[in-house]
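Okay, here's what each chain looks like letter by letter:
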Amino acid sequence: MNNFEKLKLSPNMLQNLKDMNFVEMTEIQEQSLPHSLEGLDIIAQAKTGSGKTLAFGIPLLQNINVKSFLIQALILCPTRELSDQVATQIRKIARFQHNLKILTLSGGVPMRPQIKSLEHGAHVIVGTPGRIQDHLGKQTLNLKNVKTLVLDEADRMLDMGFYDVINHILESVSKKRQTLLFSATYEENIKTLSKNITINPKFITIKQEQDKKLVSEIFYKVQRDQKFEELLKLLRYYKPLSIIMFCNTKIAVQEVTNLLQDAGFSALDLHGDLDQIDRTETLIQFANRSCAILIATDVAARGLDIKEVDMVMNYDLPRDIASYTHRIGRTARAGKSGLAISLVDKNHLQKIEDYKDNPDIREIEKINPDKNIKLLAPMKTLCINGGKKDKLRAGDILGVFCVAIGLLKEDIGKIDLLDRYTYVSIKKEAFQKAIKGLQNTKIKKRSFKVWSL
Ligand code: ADP
Ligand code: MG
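A brief look at the structure comes next. Not measured: the values here are computed from a predicted model.

### Side note on the pairing of strand S1 (residues 42-45)
- Pairing of S1 with strand S6 (residues 178-183), which is carried by four bridges, proceeds in the parallel orientation. For Ile43, the partnering residue across the bridge sits in S6 and is Leu181.
- Where S1 meets strand S7 (residues 202-205), four bridges bridge the pair, whose relative direction is parallel. Its bridge partner lying in S7, Gln45 is registered against Thr205.

This is the structure we're talking about:
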């Protein structure tokens, strides 16, 4: 691996990467950045978790002139969660850059506030194709000055039927631009799309072999009518701290979640029927360790960067190898090791061959689970009805908890500040003290409503 200092980056950018503990480049970064920083178009094939966001975020930011209040970069992502995640990560790598405005435009929320924000100007737009097209139709978005266009998880966008929408959007984007296209697969439709939208692109492929070793993939034979009991055995045997479990349908997701909750496990579901706030709160609770098991459909979990999942479980085998690769990519992120376990119907063992050569197939009867163990989360989430727009900062909240209420710093976990709400994860043992304390304490001389999620 290589060091970021080899690249032609501004001193601010370098220092900030260092502050964020990004020292070594990942392979996709190492192979693409030297070319993308020269302004070349890139078509890169790399799987989830390989560090693509930095690979496009860095060149995109180096091209922006903050003094000009024109939209200079457009990032298209398949889902709104992914857009939010990309925006958050880009804000972090750009935090030295004052006055840089990054705006997300994705569906599921009203257009009016987005239009208001657009009127105030933005440098970078991150969004989903559908909503971007809606804005273009209303003429509330001008992409004539875009210098960098990014398609993140392009294969997923095409899977979701965005081919025509993307081509339509591109008619409104400046032709004098750099295009960076990232995709986990490189099938015919991606080839056609990339040919149409790039000029003399540099092709980059990251072979999966190196990463693959880090994920141990195990297949367990299960009996269809006892699948849930067998799942419990596996969970009680492996005792993962944090796990994402995939089912093929929303209904299965809900069923398994209910069964796990009834068995006393800490579990939450993530699927397309939930409204925006529920999805956000679920993801926050999973990431801040207030939930041990996240049960999701493929679409809902697509592209999400969730750190430190030590196990991925395929409760249902996915329908194709691309989904399988995406799913198991949720563990062993950024070079860590992980475990991917798939439950396979005893009568359909031949299916495994589609997913893996020389698969490691095991029998559940041979494992020896801890009978009464439940997977529980160490933390609990406290919610405050004030956020960034109320000028709250993580420091203020930490201060109140540690100084006025008398919690220990170790009792407090992740603090997520949204515009109007703040979510604080607190060790379960300290939770009562925290919530009682905050109900009787002001933050920055103001009283806020406080409740537990
Ligand atoms: P992808 O988009 O390819 O799925 P991300 O860009 O979301 O991957 O990165 C996955 C994780 O790896 C993120 O948590 C990110 O912060 C981390 N990461 C990315 N680049 C580096 C790096 N050079 N060094 C350490 N961690 C990194
Ligand atoms: Mg990504």
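Anyway, onward from the coordinates.
### Examining the sheet that holds strand S16 (residues 412-417)
- Spatial strand order, S16-S17-S15-S18: four strands in an open sheet with antiparallel pairing. Because the sheet does not close on itself, it has two edges, and the strands there are S16 and strand S18 (450-452). Across the sheet, the mean angle from the axis of one strand to that of its neighbour is 25 degrees, orientation sign disregarded.
- As paired strands, strand S15 (residues 379-384) and strand S17 (residues 422-427) are joined by six bridges and run antiparallel to one another. When the bridges of S17 are listed, Leu382 appears paired with Val424.
- Helix H13 (residues 276-287) contacts S15, S16 and S17 of the sheet and is inclined by roughly 30 degrees relative to S17.

### With respect to the sheet that holds strand S8 (residues 215-222)
- The strand order S10-S11-S9-S12-S13-S8-S14 describes an open sheet built from seven strands, whose pairing is parallel. One side of each edge strand has no neighbouring strand; the edge strands of this open sheet are strand S10 (267-270) and strand S14 (361-363). Taken pair by pair, the neighbouring strands of this sheet meet at an average axis angle of 25 degrees, ignoring direction.
- Pairing of S8 with strand S13 (residues 338-345), which is carried by eight bridges, proceeds in the parallel orientation. Note that in S13 the partner of Val215 across the bridge is Gly338.
- On top of the sheet, helix H12 (residues 250-262) reaches strand S9 (243-246), S10 and strand S11 (293-296); it is set at about 170 degrees to S10, its chief contact.

### Some details on the packing of helix H8 (residues 163-170) against helix H9 (residues 188-197)
- At a minimum axis distance of 11 Å, the contact between H8 and H9 shows a crossing angle of 5 degrees. In terms of their interaxial angle, H8 and H9 are classed as roughly parallel. In this structure, H8 contributes Tyr163, Ile166, Asn167 and Leu170 to the contact, and H9 contributes Asn189, Thr192, Leu193, Asn196 and Ile197.
- Of the residues belonging to the contact of H8 with H9, the class tally is five nonpolar, four polar and no charged.

### Remarks on the nonpolar core
- By size, the foremost hydrophobic cluster in this structure holds 38 residues, and its most contacted members are Phe4, Ile58 and Ile75.
- When residues of this core are traced back to their parent elements, those giving at least two are helix H1 (11-19), helix H2 (27-36), S1, helix H3 (52-62), strand S2 (73-76), helix H4 (80-93), strand S4 (124-127) and S6.
- Of the residues forming this core, the biggest block, six residues, is contributed by H3.
- Apart from the residues lying within four places of it in its own chain, the contact partners of Ile75 are Phe56, Leu60, Val86, Ile90, Val124, Ile125, Val126, Gly127 and Val150.

What counts as what
Residues numbered from 1 in each chain as written. Chains lettered and ligands numbered in written order. Predicted model: local features only at pLDDT ≥ 70, side-chain atom pairs only at ≥ 80, totals over all residues. Heavy atoms only, no water. Pairing = 2+ DSSP bridges. Helix = DSSP H or I, 4+ residues; strand = E, 2+ residues; numbered from the N terminus. Axes fitted to C-alpha atoms, helices over the stretch in contact; angles between N-to-C directions. Contact = heavy atoms within 4.5 Å. Parallel < 35°, antiparallel > 145°, perpendicular 65-115°, else oblique. Nonpolar A, V, L, I, M, F, W, Y, C, P; charged D, E, K, R; others polar. Core = buried A, V, L, I, M, F, W, Y, C linked by side-chain atoms within 4.5 Å. Buried < 20%, exposed > 50% of the residue type's maximum accessible area, 1.4 Å probe, protein only.

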